[in-house]
Amino acid sequence: MTLLGLPEDIQACLFDLDGVVTRTAVVHAAAWKETFDAFLREREGEDFRPFDSAADYDEYVDGRPRADGVRTFLASRGIELPEGTPDDPPDAQTVNGVGNRKNVLLLERIRTQGVEPYEGTLRYIEAARKLGLRTAIVSSSANTLDVLRSIDAERLFDVRIDGVVAAERGLPGKPRPDTFLAAARDLGVDPKRAAVFEDALAGMDAGRSGHFGYVVGVDRVGQTEALYKHGADVVVKDLAELGGQE
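Please read these numbers as outputs of a predicted model, since none were measured by experiment.

1. So, the pairing of strand β5 (residues 214-218)
Along β5, five of the five residues are buried, which leaves the element largely enclosed by surrounding structure. Here β5 shows a buried face lined by Tyr214, Val216 and Val218 and a second buried face lined by Val215 and Gly217. Bridge analysis of strand β4 (residues 194-198) against β5 gives four bridges, and the strand direction is parallel. For Val196, the partnering residue across the bridge sits in β5 and is Val215. Crossover handedness for the path β4 to helix α9 (residues 201-209) to β5: right-handed. Here β5 runs beside strand β6 (residues 234-236); their pairing, made up of three bridges, is parallel. Along β6, the bridge assignment pairs Gly217 with Val235. In the classification by handedness, the crossover that spans β5, the intervening helix α10 (residues 224-229) and the parallel β6 is right-handed.

2. Some thoughts on the pattern of salt bridges
Opposite charge on two side chains allows them to pair when their charged atoms are near. Counted by the stated rule, this structure contains 21 salt bridges. For Asp219, the salt bridge identified is with Lys237, shortest N-O distance 3.8 Å. With Asp219 in the loop between β5 and α10 and Lys237 in the segment after β6, this pair connects stretches of sequence that are 18 residues apart. Here Asp219 falls in the buried class, since its relative accessible area comes to 3%. Connected through shared salt-bridge partners, Asp16, Lys174 and Glu198 make up one network.

3. Notes on the packing of aromatic side chains
Enumeration over the complete set of coordinates arrives at 10 aromatic pairs. Aromatic pair Phe36 and Phe51: ring centres 5.2 Å apart, planes at 35°, arrangement tilted. Here Phe51 lies in the loop between α1 (25-44) and α2 (55-61) and Phe36 lies in helix α1, a separation of 15 residues in the sequence. For the pair shown, Phe36 and Phe51 are each scored as buried. An aromatic cluster of three or more residues is present, and its members are Trp32, Phe36, Phe51, Tyr60 and Phe73. Between the NZ or CZ atom of Arg220 and the centre of the ring of Tyr118, over which it lies, the distance is 3.4 Å.

Thresholds, definitions, all that
- Residues numbered from 1 in each chain as written.
- Predicted model: local features only at pLDDT ≥ 70, side-chain atom pairs only at ≥ 80, totals over all residues.
- Heavy atoms only, no water.
- Buried < 20%, exposed > 50% of the residue type's maximum accessible area, 1.4 Å probe, protein only.
- Helix = DSSP H or I, 4+ residues; strand = E, 2+ residues; numbered from the N terminus.
- Pairing = 2+ DSSP bridges.
- Right-handed = clockwise from strand over helix to strand, strands pointing away.
- Salt bridge = Lys/Arg side-chain N within 4 Å of Asp/Glu carboxyl O.
- Phe/Tyr/Trp six-rings, centres within 6.5 Å; stacked < 30°, edge-to-face > 60°.
- Lys NZ or Arg CZ within 6 Å of the ring centre and 35° of its normal.

That's the geometry; what it means functionally is another story.
Here it is in structure tokens:
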């Protein structure tokens, strides 16, 4: 293993954003809960079963593109909505409308609460780049570029595959591996020589099915066993545990 805790043949590091680079996973979960609870309350009345910010978020939403998260969670409750279009207003009773409502709430929370990076991750990325490894950010979020700029981290990545790029290229989101594979391809690196860094179970599935050289699970919420079950080679609570900290 190298000083970064990676196999010797790894040439590139592919990082998820929310929960790995930034402390925004909890903000996403809160925005999803507010969105889904309002939707379910209106549909089913005050006796509705609320969205669980831990179990439901991890199982159906975390790491997935926004519309996929809406569709997957609602399907778990036996609800099917028309797809609509990405331009649907936030109050539209469509998959895209519900997703857009969540995004309005998310951006408001980011605007009022700000975004904090995980300093251990930023130091790890700096160390990886100093050692000659190439780096990419791979996120389902359409707000990735704004978030990276807000923490002065855009410069840390050679390639960005996010919700905007995925839509432009027609790439399916996690748990499919296509966005990670696109990042490796853009970096000019064989997936077997790339390491994936993810906190979401869907991201673990993507790393496993994409046959990447190493999959690092980042456990911020106490789901180490589940991360291993979904394909992690190693699980850490912070990337500082792997090395690269000066």
